[in-house]
Amino acid sequence: MTLSKADILIRRVRAEGRQSMTEMESKKLLASYGIPVARDRMATSEREVILQAQKIGYPVVVKGHGAKLQHKTERGLVKTNLKSAKEVRNAFRAIRASAGDDGEGCIVSPQIAGSREWVAGLIRDAQFGPVVMFGLGGIFTEALADTTFRVAPLGRREAKRMIGEIASRKLLGNFRGEAPVDADQLADVLIGLSKLGMERPDIREVDVNPLITTPKGNVVAVDALVILDENPAASAAPNRTKSNRKKQAEIRAALDEMANAKSVAVVGATRPEANGFSGMFGCMRNFGYRGRLYPVNPRLQEIDGIKAYPNLSSLPEVADLVILSIPAPRVADILRECVATGHKNIHIFSSGFKETGEEEGVRLQREIEAVAREGDLRVIGPNCMGFYVPKNRMLTWENASTKVGPVSLISQSGGNAQDFSNYLTDVYDIGFAKSISYGNALTLDSTDFLDYLAGDEETRIITMYLEGVKDGRLLLEQVKKINRRKPVIIYKSGLTESGARAVSSHTGSMAGGETIWKAFFRQTGAVRVESLEEMADVTQAFHRLRKVRGKRVAVLGFGGGNGVSVADDCAKAGLELPVLSDGLIRKLRKHVPPAGSMIRNPIDAAIAFVYLPLMGEVLDVVARSGEIDHFIVSVPFDWLYKQEPDGAYIETLATYLATEAGKYAGGKPMLVAWRQYEASPKIRRWVPVFKDILMKAGIPVYEGLPKAVRALSKLAEYYEYQGLAK
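Residues numbered from 1 in each chain as written. Predicted model: local features only at pLDDT ≥ 70, side-chain atom pairs only at ≥ 80, totals over all residues. Heavy atoms only, no water.

Novice: What is the right way to look at the environment of W674 in this model?
Specialist: Looking at the element boundaries, W674 is found in strand β28 (residues 670-675). Here the alpha-carbon distance between W674 and V635, two residues 39 residues apart in the chain, equals 4.6 Å. Ignoring anything within four residues of it in the chain, the contact list for W674 reads V635, F637, R684, V687, F690, K691, V701, Y702, E703 and G704. (Helix = DSSP H or I, 4+ residues; strand = E, 2+ residues; numbered from the N terminus. Contact = heavy atoms within 4.5 Å.)

Novice: Is there a simple way to explain the pattern of salt bridges in this structure?
Specialist: Once the charged atoms of two side chains with opposite charge are near each other, the side chains can pair. Enumeration over the complete set of coordinates arrives at 46 salt bridges. One salt bridge in this structure joins R336 and E367, with 3.4 Å as the shortest N-O distance. Of the two residues, R336 is situated in helix α10 (residues 328-341) and E367 in helix α11 (residues 359-374); the sequence distance between them amounts to 31 residues. In this structure, a network of salt bridges that share partners links the residues E23, K27, D40, K63 and K72. (Salt bridge = Lys/Arg side-chain N within 4 Å of Asp/Glu carboxyl O.)

Novice: Sorry if this is basic, but what is going on with the pairing of strand β16 (residues 345-348) here?
Specialist: Judged by which residues are buried, β16 turns out to be covered on both faces: N345 and H347 on one side and I346 and I348 on the other are all buried. Both strand β15 (residues 321-324) and β16 contribute to a ladder of 3 bridges, which runs parallel. Across the sheet, I323 pairs through a bridge with H347, a residue of β16. For the crossover that starts at β15, traverses α10 and ends in the parallel β16, the hand is right-handed. Where β16 and strand β17 (residues 378-380) come together, 3 bridges link them in parallel fashion. Residue pairing for β17: I346 is matched across the bridge by V379. You can see the chain leave β16, run along α11 and come back into β17, and the turn it takes is right-handed. (Buried < 20%, exposed > 50% of the residue type's maximum accessible area, 1.4 Å probe, protein only. Pairing = 2+ DSSP bridges. Right-handed = clockwise from strand over helix to strand, strands pointing away.)

Novice: What's the story with the pairing of strand β22 (residues 488-492) in this structure? I'm lost.
Specialist: For a regular strand, the rule is simple: side chains alternate between the two faces of the sheet. Across the 5 residues of β22, 5 count as buried, placing the element largely inside the fold. Two elements, strand β21 (residues 461-466) and β22, share 5 bridges in a ladder whose sense is parallel. Bridging across to β22, M464 finds its partner in I490. Note that the unit made of β21, helix α14 (residues 472-482) and β22 has a crossover that is right-handed. Direction of pairing for β22 relative to strand β23 (residues 527-529): parallel, over a ladder of 3 bridges. Paired with Y491 across the strands is V529, a residue of β23.

Novice: What am I meant to see in a nonpolar patch on the surface here?
Specialist: A grouping of I607, V610, Y611 and W639 is seen on the molecular surface, where their side chains present a nonpolar patch of about 360 Å² in accessible area. Note on placement: V610 falls in helix α20 (residues 607-610). (Patch = residues over 30% accessible without salt bridge, like charges linked within 9 Å, V, L, I, M, F, W, Y side chains within 5 Å. Areas by Shrake-Rupley, 256 points an atom, 1.4 Å probe, with all protein chains shown as cover.)

Novice: Whenever I open this one, the environment of A167 confuses me. Can you help?
Specialist: Summarising the element assignment, A167 is placed in the loop between α6 (156-163) and α7 (183-199). Classification of A167 as exposed rests on a relative accessible area of 66%. Expressed as a C-alpha distance, the spacing of A167 and V621, which sit 454 residues apart in the sequence, is 38 Å.

Novice: Honestly, the layout of surface pockets in this entry has me stumped. Any pointers?
Specialist: One way to see where empty space is left: roll a probe the size of a water molecule over the atoms. For the second largest pocket, the calculated volume is near 970 Å³. N244, Q248, I251, D448 and L474 are, among the 30 residues lining the second largest pocket, the residues nearest its centre. At the level of elements, α8 (242-259), α11, α13 (446-454) and α14 are the ones that each hand at least two residues to the lining of the second largest pocket. Here the lining of the second largest pocket takes 7 residues from α8, the largest share from any one element. Here the residues of the lining of the second largest pocket are counted per class, giving 8 nonpolar, 6 polar and 16 charged. (1 Å grid on protein atoms, 1.4 Å probe; cavity = no way out; pocket = protein on both sides within 12 Å on 5 of 7 lines; lining within 4 Å. Points joined across faces, edges and corners; volume = space filled by probe spheres on them. Nonpolar A, V, L, I, M, F, W, Y, C, P; charged D, E, K, R; others polar.)

Right, dumping it as structure tokens:
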């Protein structure tokens, strides 16, 4: 096999017992991937350094060279803008003295003119593999941290999007008489780093800083550092082979069998506690599970009149799903029994494993994983709640809605699975197709469940709560593909926790978990939310609104202070609250009298909430103007309650919004936000009536303008990304 230049270079570095390449070596490697580097020359004597400087042409830069030389600037080993042989000679002597025994000579480079400096780099993340960075470089790299990241591989479009994301992007254009940066050449640098990362798993980090833009707009790598992986045999990203695809198809089929199980065996089934948890068996039975339910417990003859079985071998059939609710030390033996009896689909409710952080728990998890993998078991858990499937009346906690709907949830946390499903149904009257809580992810991980739900016809919206992932690259590939057909809404926790790896470069020091997950969301178009409540808010917007276009919002309500706050909310969320044109204001004034109203945006017009035909006229005029894309109607319950005896006018307004207002909105999406501050149960009792009327009409309803604004913003961002991704 013919070795490449990169192979030869890396072998030589490793043969010398080094992990860090010298600057010269680093630049040679980068140049082989199409990254423009400065034309450096080596010199080991005064005579040679002057000769090389004359060949290059003054002014020049002289830097110390040596395998042990790090942080050259701090050690005084970089001399710039040298304009004569005398200055070069003096620089050589000073560098040689500062470097001492670590010095192996000097690098002579042309002085690259240009006042704009960038940083580009590569880091190998444990979850996502090679990740490319770009940002403002030079002395501002750490000080401003104006950087952006992408998971490799990168195409040209993604590279250019990346370049345009930094806060200092104005420097990319004309600057103090210098030409704009050559965007294609800069994209080539990022694409080259991406290619290097994909092809060379034995490289851990790359740092190019500074990457200088010349007055003509070209970019040149002036300094570079390459760090090799500690493991010479570091492997590339897993190849999705034909056998992998076959295995994934088998997992999909197994998950479908579990979610639609016709028979379930509960090992460790007990009689319900007098004042406590009903147990796995009790929860399934109480929820009305529609299949055959087998309690397994050698100490019991029956549970509530249902025959109990001493073990899995005694069951009348091989169950589609086995739920284990037993002490952790017994799980391995029961898994062996599952293998022996042909039970392949397992949900381990039991806890006390790796999640404890204790040595015994870690040992037990290693043991059950070995048994599961050797026996080819499909295991959900341990330490999880498993399935909630309303259609089949499957439930492993005490109470949940039987309402069936288009939303599915993948949750690492069982508690969050319960809370989110209850909240979404109770607050927004949206049912579930499936909820899967998977805990410690023994043999099945989030990517397996996501792959299954992607093809599930009952699932239209996918929601996810993630703490960590085993294969971030696979997750990225899946979400990017699935998100075009079904929105994927993700609440990712633990983003602020920094990774525990040691880093040796600017790139590595800035590539924490949060920055890489930001790259994940930018590349996939997945909808990022910050809480379970926000995930529910956004899910409602996707459920009740069709495809939306644009970010211009008109808010119809009243109360000046409320208008100021919604302007701030829109700005923070990335929505536009455009000031209405003079022409549009004149048209609205023909309908809305000046007294008690302010027509700018928000449209502050209390009279439109009293005389409802006027509200239709306002919506019609604004919709026809072409100046806005969406409507948000802000409804003050406290004030409206007083318009009719006992607050009945609240229902009147809800009915109008649900039946008539849409006719005047010109097909533009409409959301409704209500607010109520008085401590009055009489007013509060109208909330469910108001919400029910609107939600049944397909209009999203939120408590407070901030929730409505954020939900609409996420929806608009999603469809904007879909347009860019085409």
